[in-house]
Structures are given as C-alpha cells and as structure tokens.
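One-letter residues, chain by chain:
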Amino acid sequence: MADDRREMFRQLAVYSQAGMTFVFSILIGFGMGWALDNKVFAGKTAPYLTFIFLGCGIAAGFKGLWDLTRKMNDG
C-alpha cells in the first residue's frame with residue numbers, strides 16, 4: 001500500500017514538472033521578447049521580437065517535454 005502511494009506521488013511530481021516546464025518556458029520567452037521590444041523599439045513598432053522569442057519559448061517547451069518523455073521511457 002505504501003509503495004503504491006509513493007509511486008503515485010512520484011508520477012504526480014513528474015507530470016506536474018512537465019506541465020510547469022512547458023508553461024514557464026513559453027512565459028519566459030514571451031516576457032523576454034516583450035521586454036526587448038519595449039526596450040529596443042520603445043513599443044512603437046510591431047512586436048517582432050515578442051513573436052520570435054515566443055516561438056523560441058514554445059520550441060524550448062516542446063524540447064523539455066521531449067527530453068522528459070525520453071527520460072521516463074528509459075528508466
């Protein structure tokens with residue numbers, strides 16, 4: 001019974017890590033792009049850097065998910 005509960009909490013931690021990693025990488029990418037757009041262009045142009053860094057954040061999120069699923073399948 002205790003081993004089942006321990007395994008359940010371990011899986012819960014792994015899945016919550018996957019979700020938080022994906023969301024935070026997107027938010028960090030968006031925030032960096034937004035900050036740079038406001039710093040470099042003073043918010044007077046289209047948000048090019050916001051879109052570029054948002055794309056990088058999404059890519060980083062998927063890479064993090066990919067690495068986590070490979071780690072889960074190996075061990």
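Look up: the structure comes first, before these words.
Summarised in this report is the structure supplied together with it. Since the structure is predicted, the reported quantities are computational estimates derived from the model, not experimental observations.

What counts and what doesn't
- Numbering of residues starts from 1 in every chain and runs along the sequence as written.
- Where local features are concerned, this predicted model is filtered to residues with pLDDT of at least 70; where side-chain atom pairs are given and counted, the filter is 80 or more; whole-chain, interface and lining totals use all residues.
- Where side-chain values are given, they derive from all heavy atoms of the structure, hydrogens and water being excluded.
- By definition, any uninterrupted DSSP run of H or I lasting at least four residues is a helix, any uninterrupted run of E lasting at least two residues is a strand, and each is numbered from the N terminus.
- The atom set for the radius of gyration is the C-alpha atoms, and the globule formula is 2.2 Å times the number of residues raised to the power 0.38.
- In this scheme, a residue with accessible area under 20% of its type's maximum is buried, one over 50% is exposed, and one in between is partly exposed, where area comes from a 1.4 Å probe on protein chains only.
- Residue contacts follow a heavy-atom distance rule, with two residues in contact if any of their heavy atoms lie within 4.5 Å.

## Notes on the overall build of the chain
For step 1, the next point in the chain: What the chain contains, in helices and strands, is two helices and zero strands.
For step 2, the next point in the chain: Over its C-alpha trace the chain gives a radius of gyration of 18 Å, far above what one expects of a compact globule, namely 11 Å for 75 residues.
For step 3, the next point in the chain: When its C-alpha atoms are laid out on the principal axes, the chain stretches across 60 × 20 × 10 Å.
For step 4, the next point in the chain: For the chain, the proportion of its 75 residues judged to be buried stands at 13%.
For step 5, the next point in the chain: Relative to all contacts within the chain whose residues are 6 or more apart in sequence, the contacts with residues 24 or more apart total 56%.

Worth remembering: the numbers are spatial, not functional.
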